[in-house]
Amino acid sequence: MSTAIYARKSTDQRGDDETRSISRQISSARAFAARLGLPEVADAHVYVDDAISGADVRNLKGRARLIADVEAGLITTVVMADMSRFSRREGHEVVAELKQI
């Protein structure tokens, strides 16, 4: 079982890694995965879209790589802060997208 993390923030943020939302999302996701007893997430399986709107699906390159890796069987579990990080569509549409992968 391979676990991945997906983090997205729609606006560019200044500051060091500690103060940026992406860094917080990744750190929180790693801690959550550890609490669940999931395998440690390799850096290669951390997918990020920074300063890109969730509505701008064509430019979500990290998300596209994540979906490709899930479809290829490389990833079995995805941890993210919230469903809204994956997509800015309505809740039922996000659930349908996640079910597809």
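Residues take numbers from 1 onward in each chain, read along the sequence in its written order. Restriction of local features to residues with pLDDT of at least 70 applies here, the model being predicted, together with a cutoff of 80 or more for giving and counting side-chain atom pairs; totals for whole chains, interfaces and linings are based on all residues. Side-chain numbers here rest on the full set of heavy atoms in the structure, without hydrogens or water.

A.B. asks: So what exactly am I meant to see when it comes to helix H2 (residues 61–71) here?
C.D. replies: One turn of the α-helix equals 3.6 residues, which is why residues spaced by three or four share an orientation. Within H2 the residues assigned to the buried category are Gly 62, Arg 63, Leu 66, Ile 67, Asp 69 and Val 70. Viewed along the axis of H2, the buried residues span an arc of 165 degrees, placing them on a single side of the element. Residues of H2 that are exposed and point over 90 degrees away from its buried face: Lys 61 and Glu 71. Secondary structure elements are taken from DSSP: a helix is a run of H or I of four residues or more, a strand is a run of E of two residues or more, and numbering for both begins at the N terminus. One or two residues past the end of H2 sits Gly 73, with phi positive at roughly 85 degrees. Any residue under 20% of the maximum accessible area for its type is buried, any over 50% is exposed, and the rest in between are partly exposed; the area is computed with a 1.4 Å probe on protein chains only. Picture the helix axis, draw a direction to every C-beta atom, and the arc is the one those directions span.

A.B. asks: Is there a simple way to explain the pattern of salt bridges in this structure?
C.D. replies: Opposite charge on two side chains lets them pair, provided their charged atoms get close. By definition here, a salt bridge exists when the distance from a side-chain nitrogen of Lys or Arg to a carboxyl oxygen of Asp or Glu is within 4 Å. In this structure the tally under the stated criterion is one salt bridge. With its nearest N and O atoms 2.8 Å apart, the salt bridge here joins Asp 43 to Arg 30. Placement of Asp 43 in the loop between helix H1 (21–35) and strand E2 (46–50) and of Arg 30 in helix H1 is noted, with a sequence separation of 13 residues between them. A relative accessible area of 62% means that Asp 43 is categorised as exposed.

A.B. asks: Even after reading the chapter, I still don't get the pairing of strand E1 (residues 3–9), so can you show me in this structure?
C.D. replies: Most of E1 is tucked away, with six of its seven residues classed as buried. In this analysis, strands are considered paired if DSSP registers two or more bridges between them. Bridge count for E1 against strand E3 (residues 77–79) is three bridges, and the pairing is parallel. Bridge pairing in E3 links Thr 3 to Thr 77. Across five bridges, E1 lies against E2 in parallel orientation. Within E2, the position partnered with Tyr 6 by the bridge is Tyr 47.

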